[in-house]
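Reading the structure
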Amino acid sequence: MSFKVKVGLEIHVQITSLKTKLFCSCSADYRGKPPNTNVCPVCMGLPGSLPVLNIKAVREAVKVALALNSKINNVLIFTRKHYFYPDLPKNYQISQYDGIGSAPIAKGGYININIDGRVKKVRVRRINIEEDPGRIVYPFGSITKSPYTMIDYNRSGVALLEIVTEPDLESPKEARVFVQKLASILEHLGVTNPKLEGSIRVDANISIEGQERVEVKNIGSLKELEKALTYEVARQTAIVKSGGKVVRETRHWDKTKNITISARLKEFEEDYRYFPDPDLPALKIDRKFIEEIKASLPELPDERIERFVKEYGLSNYLASVLVTESKDLADLFEEAITVCGNPKLVASILVNEFLRWIDEAGLSIYEGLRRLNKDRLCSIVELLRKGVISTKLLKEYVKQVVLNDVEPNDLVRKGLTVLIDREFIEKIVDEVFKEYRNAVLDALKNPKAINFLVGQVMRKTRGRADPKIVNEIIKERLRRFEKSS
Amino acid sequence: MRILTLLDIIKEVRNDPKLLFEYIEYTYDIINKVEDKVRAYITLRDKEHVLRDAKRVYDKLIKGRAGRLAGALIAVKDNISTKGLRTTCASRILEDYVPPYDATVIERLKSEDAIIIGKTNMDEFAMGSTTENSAFFPTKNPWDLNRVPGGSSGGSATATAAFEASAALGSDTGGSIRAPASFTGCVGLKPTYGLVSRYGLIAYASSMDQIGPITRTVKDAALILDVIAGPDSRDATSIDISFPKTFLEYAEEGSRGSVKAKLVVIEEMVGEGIERPIYTSFIRVIRHLEANELNVTWISKPIVKYALPTYYIIAMAEASSNLARYDGLRYGLHVGVEGKSWYEVFAEVRSRGFGKEVKRRILLGTYVLSAGYYQAYYLRASKVRRLIRDVLVSLLKTYDCIISPTMPVLPPKLGERIVDPLKLYAIDVNTVLANLAGIPAISIPSDLVNGLPVGLQVMCDELRENLLLKISSYVESFLKITPLVPPLVRGYVI
């Protein structure tokens, strides 16, 4: 018995394209700076300080709203969201709210995702502009191990977009695919650099049929998102199967233990006492402003996928994976084929081999792409074209490059090339003919059965034998065999 | 040396720069004599430090390059941030807080060579109308030491009235400049919302807070406004506007000759709750106005009765939000943290750091913003506020200004009003209107009743400070009672 699963996501995206924070002139690039050095009276919430809107953030938010097909509100209103927490300098967050007298910058919209070969429309509920809080630092790694905590306000005030979906996602995998697609859109827009740690953060609301929903926080990556939700589905299913009820609560994902831990029960909606921020007058969002941005939008993932299919003859599947896994992957694809052509082959190498091995090695795409760069990729394709390596060896090359960060030419030098020594291959073919007498007889009657014999030769040469030569020799041996019998 | 008005002082030191040092010595002499009695200052700067600043001003005076306020010793309300100078808001929670930056108004004063002499007492976080809500000590009215000086800028008004400063800055959220100006015989101006930058003003109710001058004459107020007004890129609510002439020029025009204007009295502003002597004095003043070609019409606007509850709901709501940041973590009151969770620390800091009135307003403000009450209180108050604004603004299309007594009562005795919050809030009845509507308002001394000053409030349409200063300067010129000198300092000043 399995239950229907419903997942809605709240995704916090840093607008990393901005030079300064959302409401002050501190640098938006807070990473790697000594704690509490990238701050000013405004983002520290000092008495008397006032926020002034970084208008460029609105431009970026409008880009995202347009890309997500959302309806942009004609007034920009900021709202104070109150809750006490040490990382929040004013003990309220300047955010936006969907309620009387307030409105988020955009409402509605959708993203299409590819799931098992079909297109699924996932609805967006709203998009908010808000400020990032500071960062809590546990000096000994985790909350339980640390006798005290420290706070670094360098991040405080960085511009965020909060993107909330409807609960349209029906599995952990769909959730992952959605976030991947969203990240790709944001990267294509140039709004966010997903490579930066913490630039995209996801909270998930998950429920199973007829039960209360549970909020899962502290999910650090896409892989963890799928894992955490899979864990939750199993946990909630087990509760219901044993006759229990899922309680409404917030749970934290513990990536070291691969489980979620109850953080607090949520019997009531928290009362954030939203009210329009009197320090930030409502701002009219001009239609012309929106039209200008619309006209300057770059190519978006869906358009790019379509182009890859039309222009390079890729399958829809290969094109989608290339574009949605990461913009860098699609960029590498396009750069490589201008040098070495073979779009289908290059696409297949990246999707079927490269992604598999970075996964195996636990590398991010970006780490992987540093190893399989354009030059290495093209030289592998070139080695194949010259016949120095076979398709089978090509796969071995990609694997070696990704896992061991080696130059393809070093592999050639080491002798990892196609065996073209006829004498050597003949010897192996003879061995195979002796060992698989019945197969030889089959092959005489049915030419298709030759493949088995080829396969055995390849196995014995660990894939290195040139399949063309192997084929020739086997056919020649079979003819000889026929004559002699 | 003539020191009766800020303009006198500036003129004197411009003619003879050495007089600057003499004036500083003289002011500190007065402070030594009266400060123990009135207690206007929370932080008074050392005379040596002030003299050091004065040396720089002196050098500029000698070279003829001094700013418009060279010679001025300005007292600043203790909710306006001053770099390196303790800024407490008269609260335990900020008792040792030293801002790392200057408010925009302070930058502007300094760039015109004003010298800050000290930080003045106030009701804690500007919440009060008597200066009795200071966490440290009450300030006393220099006209009668048994009475309050009004609030919340009571220290600034007292320092100005008692000649402990040339002039002062206050802040006005519901009358906090005008009330103490009226009670101490000073001029107090609350500008149009947005005319003066709030950057660096420690917020009470952000949508109504404005900084303004407290001075001994209208012209002095106009000069200070000239320096502090104007757009500021650090305050998103500041207005980008310029007037063809300086405010001082408008005030001078008014003081020179007859000004024709249509004035209006809203009957509800002189209705119930107004003390008899205030009413009769107001009628006497109206006769003066009419005798000087100012036409006065009476009109009823019943909605004005809702101003007080509307004001308090909005002010408390915003205060509960603005004061959330005081948790002792980044600045302010420190308590031991060993063995406590963060929320225990926050609770302890806020319990110990805030006074009773501040807690009352935070709690009420939290309540009116809570889910389920938001619409009944905050949202409804916001709607009534808009209605009140519309009524006043449309009235000011027909008339040049609205006049009323600034305060409905004479300065209360210490302890008299503070015992009952509702009785205390009630004296703001005429001042809160200007803050709700965002329009400018001034209180000028209009009479002495039983030896106590009484103020006349004049309100104009938004950004009509030119008209406001011209008319009030004109009225001042024929009422002929400013600058007022309280008996306490009469022997030293004249």
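Residues numbered from 1 in each chain as written. Chains lettered and ligands numbered in written order. Predicted model: local features only at pLDDT ≥ 70, side-chain atom pairs only at ≥ 80, totals over all residues.

Here we look at the overall build of chain B
- Counting its regular elements, chain B contains 17 helices and 11 strands.
- Over its C-alpha trace chain B gives a radius of gyration of 21 Å, about what one expects of a compact globule, namely 23 Å for 494 residues.
- Going through the 494 residues of chain B one by one, you find that 59% of them count as buried.
- By sequence separation, contacts in chain B at least 24 residues apart represent 76% of the contacts at least 6 residues apart. (Helix = DSSP H or I, 4+ residues; strand = E, 2+ residues; numbered from the N terminus. Rg over C-alpha atoms; globule rule 2.2 N^0.38 Å. Buried ≥ 20, exposed ≤ 12 C-beta atoms within 10 Å, placed from the backbone. Contact = placed C-beta atoms within 7 Å.)

Considerations on the overall build of chain A
- Looking only at helices and strands, chain A has 16 helices and 17 strands in total.
- Taking the principal axes of its C-alpha atoms as reference, chain A extends roughly 100 × 55 × 45 Å.
- Here chain A holds 485 residues, and the buried ones make up 41% of them.

With respect to helix H7 (residues 218-228) of chain B
Residues and elements named next belong to chain B.
- Among the 11 residues in H7, 11 count as buried, and that is most of the element.
- By the burial criterion, the buried members of H7 are Val218, Lys219, Asp220, Ala221, Ala222, Leu223, Ile224, Leu225, Asp226, Val227 and Ile228.
- Backbone geometry just after H7 places glycine 230 at a positive phi near 125°.

Some remarks on the environment of tyrosine 148 of chain A
Residues and elements named next belong to chain A.
- Tracing the chain through its elements places tyrosine 148 in the loop between strand E9 (135-137) and strand E10 (150-152).
- Look at tyrosine 148 and you get exposed, because 9 C-beta atoms sit within 10 Å.
- Sequence-wise, tyrosine 148 and valine 137 are 11 residues apart; in three dimensions their C-alpha atoms are separated by 9.3 Å.

Points about the domain arrangement of chain A
- If you check the domain split of chain A, you get domain 1 (5-293), domain 2 (299-413) and domain 3 (422-484).
- The C-alpha-based centres of domain 1 of chain A and domain 3 of chain A are spaced at 61 Å. (Domains from an automatic or database assignment.)

Remarks on the pairing of strand E8 (residues 118-131) of chain A
Residues and elements named next belong to chain A.
- With two bridges connecting them, strand E6 (residues 106-107) and E8 associate as antiparallel partners. Within E8, the position partnered with lysine 107 by the bridge is arginine 126.
- Bridge analysis of strand E7 (residues 110-115) against E8 gives six bridges, and the strand direction is antiparallel. Within E8, the residue paired with asparagine 112 across the bridge is lysine 121.
- The hairpin turn running from E7 into E8, its antiparallel successor, is two residues long, and aspartate 116 in that turn takes a positive phi close to 45°. (Pairing = 2+ DSSP bridges.)

Re the domain arrangement of chain B
Residue and element names in this part refer to chain B.
- One can read the domain layout of chain B as domain 1 (6-272 + 404-493) and domain 2 (305-384).
- For domain 1 and domain 2, the distance between their C-alpha centres works out to 27 Å.
- On the side of domain 2, 25 residues touch domain 1, which itself brings 29 residues to the contact.
- Of all the elements in the fold, those that place two or more residues in the side of domain 1 that touches domain 2 are helix H14 (421-426) and helix H15 (432-437).
- Considered class by class, the residues forming the side of domain 1 that touches domain 2 number 16 nonpolar, eight polar and five charged. (Nonpolar A, V, L, I, M, F, W, Y, C, P; charged D, E, K, R; others polar.)

Focus on the pairing of strand E5 (residues 187-190) of chain B
All names here are of chain B.
- Neither face of E5 is exposed, since Val187 and Leu189 on one face and Gly188 and Lys190 on the opposite face are all buried.
- When E5 meets strand E6 (residues 210-215), the two strands line up antiparallel, connected through two bridges. In the strand pairing of E6, valine 187 is matched with threonine 215.

Things to note about the packing of helix H7 (residues 327-340) of chain A against helix H8 (residues 343-361) of chain A
Residues and elements named next belong to chain A.
- Contact pair H7 / H8: the axes reach a minimum separation of 10 Å and the direction vectors enclose 145°. Both H7 and H8 take part in a crossing whose hand is right-handed. Of the residues in H8, those touching H7 at Leu329, Phe333, Ala336 and Ile337 are Pro343, Val346, Ala347 and Leu350.
- Taken together, the residues of the contact of H7 with H8 sort by class into eight nonpolar, no polar and no charged. (Axes fitted to C-alpha atoms, helices over the stretch in contact; angles between N-to-C directions. Left-handed = near helix turned anticlockwise from the far one by under 90°.)

Looking at unusual backbone geometry
Residue and element names in this part refer to chain B.
- In this model, glycine 151 is joined to serine 152 through a cis peptide bond whose omega is 10°.
- Here serine 152 lies in the loop between strand E3 (115-120) and helix H5 (154-161).
- Look at the link from threonine 482 to proline 483: it is a cis peptide, with omega at -5°.
- For proline 483, the location among the structural elements is in the loop between helix H16 (465-479) and helix H17 (487-493).
- Phi at glutamate 293 is positive, roughly 65°, even though this residue is not glycine.
- Mapped onto the secondary structure, glutamate 293 falls in the loop between helix H9 (276-291) and strand E8 (294-299).
- Of the residues examined, glutamate 293 has 11 C-beta atoms within 10 Å and is grouped as exposed.

Observations concerning the packing of helix H6 (residues 316-325) of chain A against H8 of chain A
Residue and element names in this part refer to chain A.
- At a closest axis distance of 9 Å, the pairing of H6 and H8 adopts a crossing angle of 65°. Handedness of the crossing formed by H6 with H8: left-handed. Facing H6, whose interface residues are Leu318, Val321, Leu322 and Glu325, H8 presents Ala347, Ser348, Leu350, Val351 and Leu355.
- Within the contact of H6 with H8, the residues separate by chemical class into seven nonpolar, one polar and one charged.

A word on the interface of chain B and chain A
- Taken together, the contacts link 36 residues of chain B with 26 residues of chain A.
- Residue composition of the side of chain B that touches chain A, by class: 19 nonpolar, 10 polar and seven charged.

Brief notes about helix H2 (residues 19-38) of chain B
Residue and element names in this part refer to chain B.
- Here H2 spans 27 Å end to end across 20 residues, near enough to the 28 Å set by a 1.5 Å rise per residue.
- At asparagine 32, H2 shows its maximal kink, close to 40°.
- Regarding H2, the residues found buried are Leu19, Leu20, Tyr23, Thr27, Ile31, Val34 and Val38.
- Of the surrounding elements, those touching the buried residues of H2 are helix H1 (6-15), strand E1 (41-44), helix H3 (47-62), strand E2 (73-77), H5 and H17.
- Arginine 39 occupies a position one or two residues after H2 and carries a positive phi of about 55°. (Expected span 1.5 Å × (residues − 1). Bend = angle between axes of the 7 residues up to and from the residue.)

Observations regarding the sheet that holds E6 of chain B
Residues and elements named next belong to chain B.
- Pairing within the open sheet is mixed, and its 11 strands lie in the order E1-E3-E2-E4-E6-E5-E10-E11-E9-E7-E8. Among the strands making up the open sheet, the edge pair consists of E1 and E8. Strand-to-strand twist in this sheet, taken as the mean axis angle between neighbours without regard to direction, amounts to 30°.
- Looking at chain direction, strand E4 (residues 167-172) and E6 are connected through five bridges and run antiparallel. Each residue of the ladder has a partner; that of aspartate 172, found in E6, is glutamine 210.
- Contacting E4, E5, E6 and strand E10 (441-449), H7 crosses the sheet at an angle of about 145° to E6.

Thoughts on the confidence of the model for chain B
- On average, residues of chain B score 97 in pLDDT, and 100% of them are at 70 or above.
- Among the scores for the predicted complex, ipTM is 0.96 and pTM is 0.92. (pLDDT = per-residue confidence, 0-100.)

Digging into the environment of asparagine 295 of chain B
Residues and elements named next belong to chain B.
- Within the element layout of this structure, asparagine 295 appears in strand E8.
- With 13 C-beta atoms counted inside 10 Å, the residue asparagine 295 sits in the partly exposed group.
- Along the backbone, asparagine 295 and glycine 273 are 22 residues apart, and their C-alpha atoms lie at a distance of 26 Å.
- Residues contacting asparagine 295, with those up to four places away along its chain left out, are Lys262 and Leu263.

Some remarks on the sheet that holds strand E5 (residues 92-95) of chain A
Residues and elements named next belong to chain A.
- In space, the three strands of this open sheet follow the order E5-E4-E16, with antiparallel pairing throughout. Two strands in the sheet have a free side with no partner beyond their single neighbour: E5 and strand E16 (275-276).
- Pairing geometry for strand E4 (residues 79-82) and E16, over two bridges, is antiparallel. The partner of arginine 80 across the bridge, within E16, is phenylalanine 275.

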